[in-house]
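For reference, the chains in residue letters:
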Amino acid sequence: MNMTVDLAKTMIQGPAYDGKPAQVYELRNANGMVVTFMDIGATWLSCKLPLDGGEKEVLLGVGNMTDFKEHTTYLGATVGRFANRIAGGRFSIGEKSYQTPLNQGENILHGGPEGFNKRRWDVADICSNSILFVLVSPDGDQGFPGEVNATVTYTLTNDNEVSIRYTATTDKPTPINLTNHAYFNLEDAESGSDCREHKVKINARYYLPTDAAGIPLGEFDAVKNTNFDFMESKPISRDFLKDEEQVNAKGYDHSFIFNPLRDVKEPIVEVENRDGSVSMQVFTDKPAMQFYTGNWNSGTPRRIGGMYEDYSGFALETQFLPDAPNHPEWPQPNSVLNPGEVYQYKTRYKFSF
């Protein structure tokens, strides 16, 4: 395989939330591509592509634990129990209702104020091309029922592909929605360049309209003849902020719904940088994806010092739809995991350069 893995304890300095240093791991493939992961938040910290002029960083990230703890943008972290928003932090399972702590106005976002992004995940297995993180979330954690055993496996291939495999089990019915919150900038994530000149294609005929707080209005809308139509590749900037929904969110921060009968071996997203020298394809068996253009990145610390600006990177968060526990009428897989079932999904990011 000609792969290598290294423990890079000194890459990110400072104590984590539990007062102990973070553990950082680096995978390198035969082509010289290097990806780095951290046990805090099971976080994807860095993604460097080998180019003629040297390595190019294409993932936004932080350089020390102090900055990681201060930022509010979830850079590269695994988020859960439930990614995205649940309206009012409330949901019901059967006859029982639950109230979770709120961390974004009147709603809960990405699992709450002490979500999976702040936890130390254990490393259960590591080999030359992959690393397996595991986390036990106790019954009642952030107001969610049931003990959950979750895993995240990162794999780097010699085809320059990073895959993320998620699994979870529970002993009580509970909502589960895991995703990775990486922000990409294929121009150069270290330069602070604006991401809106990237060309994006999203294979989705429907999107989910939301209110000003990001809570779904209920019905799917067709993307055809709207500013949300990415069925053909176009620069993000082309239809940017040209409708009230985007103005309310300061850009794109919306879920796109995939055809459940699609061939999951085909990419659901294709991205190119400005001159086409670097591209990325995304493959997933998840039912939807939140496309977020980094609308509130300003003031987020950068790994090389200084601060990121708004629109410095975009996120492609493959997941269930926001507020899904409160919308059983949607034609989507059930976001409530039951005892005896296994939550199991995979997303792959394939880079070409």
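This write-up is about the structure you can find in this document. (Residues numbered from 1 in each chain as written. Predicted model: local features only at pLDDT ≥ 70, side-chain atom pairs only at ≥ 80, totals over all residues. Heavy atoms only, no water.)

Within a sheet, each strand pairs with its neighbour through backbone hydrogen bonds, oriented either parallel or antiparallel. Pairing in this open sheet of nine strands is antiparallel, and the strands run β11-β12-β13-β14-β28-β24-β23-β18-β21 from one edge to the other. Each having just a single partner strand, β11 (122–126) and β21 (234–235) make up the two edges of the open sheet. (Pairing = 2+ DSSP bridges. Helix = DSSP H or I, 4+ residues; strand = E, 2+ residues; numbered from the N terminus.)

Taken together, the side chains of Asp263, Glu266, Glu270 and Glu272 make up a negatively charged region of the molecular surface. The residue Glu272 is located in strand β23 (residues 269–272) in this model. Under the relative-accessibility criterion, Glu272 is labelled partly exposed at 33%. (Patch = residues over 30% accessible without salt bridge, like charges linked within 9 Å, V, L, I, M, F, W, Y side chains within 5 Å. Areas by Shrake-Rupley, 256 points an atom, 1.4 Å probe, with all protein chains shown as cover. Salt bridge = Lys/Arg side-chain N within 4 Å of Asp/Glu carboxyl O. Lys, Arg positive; Asp, Glu negative; His and termini not counted. Charge placed at Lys NZ, Arg CZ, Asp CG, Glu CD. Buried < 20%, exposed > 50% of the residue type's maximum accessible area, 1.4 Å probe, protein only.)

With antiparallel pairing, the six strands of this open sheet are ordered in space as β17-β26-β25-β22-β19-β20. Since the sheet does not close on itself, it has two edges, and those belong to β17 (183–184) and β20 (221–222), each with one partner.

This part covers the nonpolar core. Residues Trp44, Ile202, Met280, Phe291 and Phe351 are the most contacted members of the largest nonpolar core, which totals 61 residues. Top contributing element to this core by residue count: strand β13 (residues 148–156), with five residues. Formed by 17 residues, the second largest nonpolar core is a distinct cluster that contains Ala22, Met38, Ile40 and Tyr183. (Core = buried A, V, L, I, M, F, W, Y, C linked by side-chain atoms within 4.5 Å.)

Examined against the element boundaries, Gln344 turns out to sit in strand β28 (residues 343–352). Judged by relative accessible area, which is 43%, Gln344 ranks as partly exposed. Separated by 59 residues in the primary sequence, Gln344 and Asp285 place their C-alpha atoms 9.3 Å from one another. When neighbours within four sequence positions are excluded, Gln344 is seen to be in contact with Arg165, Tyr166, Thr167 and Asp285. Within the structure, Gln344 has its side chain in polar contact with the side chain of Arg165 (distance 2.4 Å). (Contact = heavy atoms within 4.5 Å. Polar contact = N/O pair within 3.5 Å; in protein donor to acceptor, adjacent residues only side chain to side chain.)

With that out of the way, let us pick up the environment of Glu245. By the element assignment, Glu245 lies in helix α2 (residues 244–249). According to the relative accessible area criterion, Glu245 is buried, its value standing at 18%. Sequence-wise, Glu245 and Asp139 are 106 residues apart; in three dimensions their C-alpha atoms are separated by 37 Å. Sequence-distant contacts of Glu245, that is, excluding residues within four places in its chain, are made with Tyr207, Pro209, Thr210, Phe228 and His254.

On to the packing of aromatic side chains. The final tally for this structure, using the stated rule, is 26 aromatic pairs. Plain terms: the ring middles of Phe230 and Phe256 are 6.2 Å apart, the flat faces sit at 80° to each other, and that makes the pair edge-to-face. Taken together, the residues Phe230 in the loop between β20 and β21 and Phe256 in strand β22 (residues 253–257) connect sequence positions 26 residues apart. Among the aromatic side chains, those forming a connected cluster through ring pairs are Phe37, Trp44, Phe133, Tyr154, Phe184, Phe314, Tyr349 and Phe351. Over the aromatic face of Phe230 sits the side chain of Lys234, whose NZ or CZ is 4.3 Å from the ring centroid. Between Lys286 and the ring centre of Tyr166, over which it is positioned, the NZ or CZ distance is 3.9 Å. (Phe/Tyr/Trp six-rings, centres within 6.5 Å; stacked < 30°, edge-to-face > 60°. Lys NZ or Arg CZ within 6 Å of the ring centre and 35° of its normal.)

So, about the pairing of strand β8 (residues 90–93). Only one face of β8 is buried, namely the one carrying Phe91 and Ile93, since none of Arg90 and Ser92 on the opposite face is buried. Taken together, the four bridges between β8 and strand β9 (residues 96–99) define a ladder with antiparallel strand orientation. Bridge assignment links Ser92 to a residue of β9, and that residue is Ser97. Linking β8 to β9, which pair antiparallel, is a turn of two residues; within it Gly94 sits at a positive phi near 65°.

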